[in-house]
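Summary of the model geometry
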Amino acid sequence: MNAIQYTVKIHAPEIAPRIRHPRILEAFDRLKTGEYMHLSNDHDPKPLQYQFMIEREGLFTWEYLENGPEQWRVAIGKK
């Protein structure tokens, strides 16, 4: 997935914790089919991935681009 054009780039630590997941999900919902968002975080966003699996089942792809230990980067695509 080297040549992905990201529609949205989000650095999660810049968003207040209490609204972080809702903001990320809202950004995902605005994507069109075939578009991608780039998520970077200072910890593994596994809880967010689980939330996607429950609330957006079958609608997304999730690929780690960098897997710590200081930064995690994920390409999230909309099916």
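Calculation notes
- Residues numbered from 1 in each chain as written.
- Predicted model: local features only at pLDDT ≥ 70, side-chain atom pairs only at ≥ 80, totals over all residues.
- Heavy atoms only, no water.
- Phe/Tyr/Trp six-rings, centres within 6.5 Å; stacked < 30°, edge-to-face > 60°.
- Helix = DSSP H or I, 4+ residues; strand = E, 2+ residues; numbered from the N terminus.
- Buried < 20%, exposed > 50% of the residue type's maximum accessible area, 1.4 Å probe, protein only.
- Lys NZ or Arg CZ within 6 Å of the ring centre and 35° of its normal.
- Expected span 1.5 Å × (residues − 1).
- Arc of directions from axis to C-beta.
- Contact = heavy atoms within 4.5 Å.

**Notes on the packing of aromatic side chains**
The way to describe two aromatic rings as a pair is by their centre distance and the angle between their planes. A full pass over the atoms with the stated rule returns 4 aromatic pairs. Centre to centre, the rings of Phe-28 and Phe-52 are 5.1 Å apart; their planes meet at 80 degrees, and the pair counts as edge-to-face. Here Phe-28 is found in helix H1 (residues 17-30), whereas its partner Phe-52 is found in helix H2 (residues 46-55), with 24 residues between them in sequence. The same class applies to Phe-28 and to Phe-52, which are both buried. The rings of Phe-28, Phe-52, Phe-60, Trp-62 and Tyr-64 are connected pair by pair, giving a single aromatic cluster. The cationic tip of Lys-78 hangs over the ring face of Phe-28; the distance from NZ or CZ to the ring centre is 5.3 Å.

**Remarks on H1**
Here H1 contains 14 residues, and its C-alpha end-to-end distance of 21 Å stays within 8% of the 20 Å for a straight helix at 1.5 Å per residue. Buried residues of H1: Arg-20, Ile-24, Leu-25, Ala-27 and Phe-28, and no others. Considered in projection along H1, the buried side chains sweep an arc of 160 degrees and stay on one side of the axis. Counted as exposed and oriented over 90 degrees from the buried face of H1: Arg-18 and Arg-30.

**Some points on H2**
Within the span of H2, buried status applies to Leu-48, Gln-49 and Phe-52. Down the axis of H2, the sector holding all buried residues measures 105 degrees, keeping them to one side. Facing away from the buried side of H2, by more than 90 degrees, are the exposed residues Pro-47 and Ile-54. Contact partners of the buried residues in H2: H1, strand S2 (36-41), strand S3 (60-67) and strand S4 (72-78).

Function cannot be read off these values alone, since they describe shape.
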